[in-house]
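# Notes for the structure review
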Amino acid sequence: MTPNASLELPDSVFQYLTQPTIRAGVESVLDFGAKKLPPGLQWDELSQFYHASLAGSSVQTDWAITLDQLWRAVWPSSVPGWVPLSLDEQNLRDYDAPVSLEKCWTEEWFGRCFTRPRPTTSAKTRRQPADDVLCLSVSLRHEGVAAGVSLDSALGSSGPDDDGFHFDSEYESWWTPEFKIASPHIDLSPLKIAAAAALKWVARQTP
């Protein structure tokens, strides 16, 4: 893991998260996007709308960059016994974990996946995936920041030892509570401690 225990949010992201009027304006502009204009726009308002669209796109890009930085500050890029997926593998194959600008923005989530071969068994009752899949994640939302972990071969277990984790049945993963964002300077110590506990739990989930 990186030694940094904090993350400085870009001003655009912090303002979006903490200022309701800015958040409403950005969302209104991004709802229309670059392909069409909002109804009722006047000619003398067109340049202003173009500038607002640029600002909205900038927030969206800063958001994705922040999620990537948050992930790198919380999780390691390698996990013993696991093979990290390449960016193409994760985004083009059926892992349900794309990290495009649009997905980072709409899902408010960023994850990186790892695989390991499953042991062969004699049972041939149904087709099983060839690999176990581990996904280490972070989320950035108005409610705060959180870290998550999913391991498809351990869905029936109690999950990471850290009592702060809860199981999200919709995403089939365990998540920490969301730590509130009160300033652009985020203390990542709670997330890093939880991530370390989750990785110890992962290490015990042997094939």
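Here, every reference points to the structure presented above.
Residues numbered from 1 in each chain as written. Predicted model: local features only at pLDDT ≥ 70, side-chain atom pairs only at ≥ 80, totals over all residues. Heavy atoms only, no water.

### Description of the overall build of the protein chain
Along the backbone of the protein chain there are six helices and eight strands. Sequence-ordered secondary structure for the protein chain, helices as α and strands as β, is β-α-α-α-β-α-α-β-β-β-β-β-β-α. For the protein chain, with 207 residues in total, the buried portion stands at 39%. A separation of at least 24 residues holds for 66% of the contacts in the protein chain among residues at least 6 apart in sequence. Within the structure as shown, the protein chain displays about 12,100 Å² of accessible surface, and the carbon and sulfur contribution to it stands at 53%. (Helix = DSSP H or I, 4+ residues; strand = E, 2+ residues; numbered from the N terminus. Buried < 20%, exposed > 50% of the residue type's maximum accessible area, 1.4 Å probe, protein only. Contact = heavy atoms within 4.5 Å. Areas by Shrake-Rupley, 256 points an atom, 1.4 Å probe, with all protein chains shown as cover.)

### Details of the environment of Leu7
Inspection of the secondary structure assignment puts Leu7 in strand 1 (residues 6–8). Take Leu7: its relative accessible area is 10%, and that puts it in the buried class. It is 5.1 Å that separates the C-alpha atoms of Leu7 and Ile186, two residues lying 179 residues apart in sequence. If we ignore the near neighbours within four places in the chain, the residues touching Leu7 are Thr66, Gln69, Leu70, Pro184, His185, Ile186 and Leu188.

### Focus: the sheet that holds strand 5 (residues 144–151)
Taken together, the six strands give an open sheet; going across it, the order is 2-3-4-5-7-6, and neighbouring strands pair in antiparallel fashion. Lying at the two open borders of the sheet, with one neighbouring strand each, are strand 2 (83–84) and strand 6 (166–168). As defined by bridge partners, strand 6 adjoins strand 7 (residues 173–175) across three bridges and the pair is classed as antiparallel. The residue of strand 7 that forms the bridge with His166 is Trp175. Against the sheet, helix 6 (residues 189–204) touches strand 4 (131–141), strand 5 and strand 7, its axis set at about 5 degrees to strand 5. (Pairing = 2+ DSSP bridges. Axes fitted to C-alpha atoms, helices over the stretch in contact; angles between N-to-C directions.)

### Description of helix 2 (residues 20–32)
In this model, helix 2 (13 residues) spans 19 Å end to end at C-alpha, consistent with the 18 Å of a helix rising 1.5 Å per residue. Buried within helix 2 are the following residues: Arg23, Val26 and Val29. Take helix 2 and look down its axis: the buried residues cluster within an arc of 135 degrees, on one side only. Of the residues in helix 2, the exposed ones pointing more than 90 degrees away from the buried face are Pro20, Thr21 and Asp31. At its buried positions, helix 2 is contacted by helix 1 (11–18), helix 3 (46–74) and helix 5 (101–107). Phi turns positive, to about 70 degrees, at Gly33, one or two residues after helix 2. (Expected span 1.5 Å × (residues − 1). Arc of directions from axis to C-beta.)

### A few points about the packing of helix 1 against helix 2
Relative orientation of the contacting elements helix 1 and helix 2 amounts to 105 degrees, with a least axis distance of 5 Å. Classed by the angle they form, the pair helix 1 and helix 2 counts as roughly perpendicular. Two secondary-structure elements touch here, helix 1 through Gln15, Tyr16, Leu17 and Thr18 and helix 2 through Pro20, Ile22, Arg23, Val26 and Glu27. A per-class count over the contact of helix 1 with helix 2 returns five nonpolar, two polar and two charged. (Parallel < 35°, antiparallel > 145°, perpendicular 65-115°, else oblique. Nonpolar A, V, L, I, M, F, W, Y, C, P; charged D, E, K, R; others polar.)

### A word on the nonpolar core
Residues Trp75, Leu134, Leu136 and Val149 are the most contacted members of the largest nonpolar core, which totals 44 residues. Sorting the residues of this core by element identifies helix 1, helix 3, helix 5, strand 3 (109–117), strand 4, strand 5 and helix 6 as the ones contributing at least two each. The greatest single-element share of this core, amounting to eight residues, is contributed by helix 3. In this structure, Ala97, Cys135, Ala146 and Trp175 belong to the second largest nonpolar core, which totals eight residues. (Core = buried A, V, L, I, M, F, W, Y, C linked by side-chain atoms within 4.5 Å.)

### What to know about the side chain of Thr115
Here Thr115 lies in strand 3. Using a relative accessible area of 9% as the deciding quantity, one classes Thr115 as buried. Leaving out residues up to four positions away in the same chain, Thr115 has contacts with Trp82, Val83, Leu85, Tyr95, Asp131, Asp132 and Val133.

These figures come from the coordinates and say nothing about function on their own.
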